[in-house]
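Structural overview for review
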Amino acid sequence: MIRSLSVLCVVALLAVLLALALGSVTVSPIDLIAVIQGEGNALHRTLLWELRLPRTLAAFATGGLLAVAGALMQVLLRNPLADPYVLGLSGGAAVGALLAMLTGMGTLLISGSAFAGAMLATVLVFGLAHGTGSWTPSRLLLTGVVVAAGWGAVITLMLAITPSYKLPGMLYWLMGDVSYARTPWPPLIVLALSIVLVLPLARNLNVLARGPMQAAALGVSVRPLEWTIYILASLLTATAVTTAGSIGFVGLIVPHMLRLVLGNDQRIILPACALAGGTLLVLADTLARTVIAPEQLPVGVITALLGVPTFLYLLHRSR
Amino acid sequence: MNYWPVKALLCALLTLPAMAWAEVCAEDRRGVQVCLPEPAKRIATLSPGATELMFAAGAGEKVVAVVNHSDYPPAAQKIPLVGNHTRIDLEALLALEPDLVITWVTGNPPAQMEMLQELGLTTFAIEPRTFEQVSGVIERLSVLAGTEKEGYAEAQRFRAGIAAIAEKYRNVEPIPVFYQVWETPLMTISDDHLIGKVLQLCGGLNVFGDMPRLVPRISAEVVLAADPHVILTGSVEGTSDDELDHWKSYSGMTAVARGNLFFIPASPISRPTPRLLEASEAVCQKLDIAREN
């Protein structure tokens, strides 16, 4: 366990260093060290401290948040196709953000609206799925999928009525764009706190994966645990989407990739998801801003292009 | 009597205005007074229109960074690119070390514009919406670039040209016109848009002139109901001109019956630059033909 996590740590660190070095202006390792030490020319210092480091850290945090949220959703719903957005969270956040853009608000309010939208979506699905008596994962999933479709309709409506010049900004938000992140600290702190909070619960999550009846029989308090996981996953997803828009693929595939290699012990998978998800998004973001520079691609395109072959390779190897 | 303190004081007083005059200031579209300690030497233009306006102001050699589609004048095509006007490559922009960045209020992404301010770059926002604002912006850009002579001359040439066309078409019979910006979705412009003002200049009556939106999306039915006498659209070089073919099936429309479906070059009319003069001449010529038909 320690070995796999430390390998992931080293890979993550290398990815971050690569991201800091590459870009429209390549910063060689010597210059990189000079800037870290406080010297180095003004352009490299500005590039590194004010553009690349916040962006890279935000990408790492967002990737980690999405991967952990995906893993938690897959455990909660006992469904391998679950991803952080399946319960309509990204739809709610998108409606919040697009509404803010439509009414011409500043970037801070756009992020705030996105977060409020995500939280509203969470409460809505939770409330609707509750019904009479308890909710089951399938009921939650159904409600979530339908509400997500509803948000999708509202998003389409907003895209149809918005003045033409606001469209590119909205589309880029929907495609996911790490450059929106102005400060990486909120997502990093949320990621760190969530790992700390969820690790003690990981053993119970392993038991929960066998089914609620068996888990209850083995002494796990199922209902409170499910509520905790749901709220935590929603918070992680809301933070991720508020930071960088709705980036797809990471939350669905990274947990599966890790399970193929590391097995299904949540005590390993959850921290590994944080590291691997972060690494994937950092590499994807580096590619997105360099592959056809000075044109800037949305990072969601690259996560899928990188993730699909990797996943297929791992799947093939595990046979 | 010893006059040297007086002479020294006079010298100092005389140099003060000169020191103040080295600084250049102009007010931008946001109402911000933008000042540079001396005329800009390295200018970045974040829209194709701004690139053209900078060349018009006589400061073409000072432009060091442009965005996609900055294709006029031809010299602009050799300038390094820093992305698209909707997505700027901030690293590439920073690497070119501009001392003045010309931004587009509604075209550039607000988040990136905030970032530019935070990085300490001097930005000047433009968004000319009338002919007078076009000449005004050329003058203000030339002040910031230190090329007042060429800039003011160009602005005056533009003003005189527009005034001449306005005079020529002052008493002409207005003709209902529909300007098609895009085929699917069907888009047009209102009178607040520069294209709408070009139409008005030539005695055209934009059938959608008083729509609340600048670039409304409409349906074919509304156009049929408005029954314009002439339909205009922009023709892009290198593409086939078939964007008006879909109107030909409505033979009851006045414009179709009289054969008044015309193309004018798209680039000059779509940008807020001195090429609006050529665009106006093209539009006026087509409207004249339409009046004859």
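Residues numbered from 1 in each chain as written. Chains lettered and ligands numbered in written order. Predicted model: local features only at pLDDT ≥ 70, side-chain atom pairs only at ≥ 80, totals over all residues.

What to know about the interface of chain B and chain A
Each side of the interface is counted separately: chain B has 22 residues, and chain A has 20 residues. For the side of chain B that touches chain A, the element with the highest residue contribution is helix α3 (residues 90-95) of chain B, accounting for five residues. Residue composition of the side of chain B that touches chain A, by class: twelve nonpolar, five polar and five charged. (Contact = placed C-beta atoms within 7 Å. Helix = DSSP H or I, 4+ residues; strand = E, 2+ residues; numbered from the N terminus. Nonpolar A, V, L, I, M, F, W, Y, C, P; charged D, E, K, R; others polar.)

Some remarks on the sheet that holds strand β3 (residues 43-45) of chain B
Residues and elements named next belong to chain B. Across the sheet, four strands lie side by side as β4-β3-β7-β8; this open sheet has parallel pairing. Pairing within the sheet leaves two strands with one partner each, and these edge strands are β4 (63-65) and β8 (123-126). Taken pair by pair, the neighbouring strands of this sheet meet at an average axis angle of 35°, ignoring direction. Direction of pairing for strand β7 (residues 100-104) relative to β8: parallel, over a ladder of four bridges. Looking at β8, one finds that Val101 is bridged to Thr123. Sitting on the sheet, helix α2 (residues 48-56) is in contact with β3, β4, β7 and β8, with an inclination near 140° to β3. (Pairing = 2+ DSSP bridges. Axes fitted to C-alpha atoms, helices over the stretch in contact; angles between N-to-C directions.)

Some details on the nonpolar core
Membership of the largest hydrophobic core comes to 170 residues, with the highest contact counts inside it found for A:Val68, A:Leu72, A:Cys273, B:Met54, B:Ile102 and B:Val198. Among the elements that line this core, the one with the most residues is helix α3 (residues 42-77) of chain A, at 19 residues. Two domains share this core, each providing at least three of its residues, namely domain 1 (18-160) and domain 2 (170-292) of chain B. Those residues in contact with B:Val198, other than ones at most four positions away along the chain, are B:Ile269, B:Leu276, B:Ala279, B:Ser280 and B:Val283. (Core = buried A, V, L, I, M, F, W, Y, C linked by C-beta atoms within 7 Å. Buried ≥ 20, exposed ≤ 12 C-beta atoms within 10 Å, placed from the backbone. Domains from an automatic or database assignment.)

What to know about the domain arrangement of chain B
Residue and element names in this part refer to chain B. If you check the domain split of chain B, you get domain 1 (18-160) and domain 2 (170-292). In this structure, domain 1 and domain 2 have C-alpha centres spaced 30 Å apart. Listed as interface residues are 13 residues of domain 1 and, on the opposing side, ten residues of domain 2. Contributions of two or more residues to the side of domain 1 that touches domain 2 are made by α2, α5 (131-145) and α6 (148-168). For the side of domain 1 that touches domain 2, the element with the highest residue contribution is α2, accounting for five residues. Here the side of domain 1 that touches domain 2 is composed, by residue class, of eight nonpolar, two polar and three charged.

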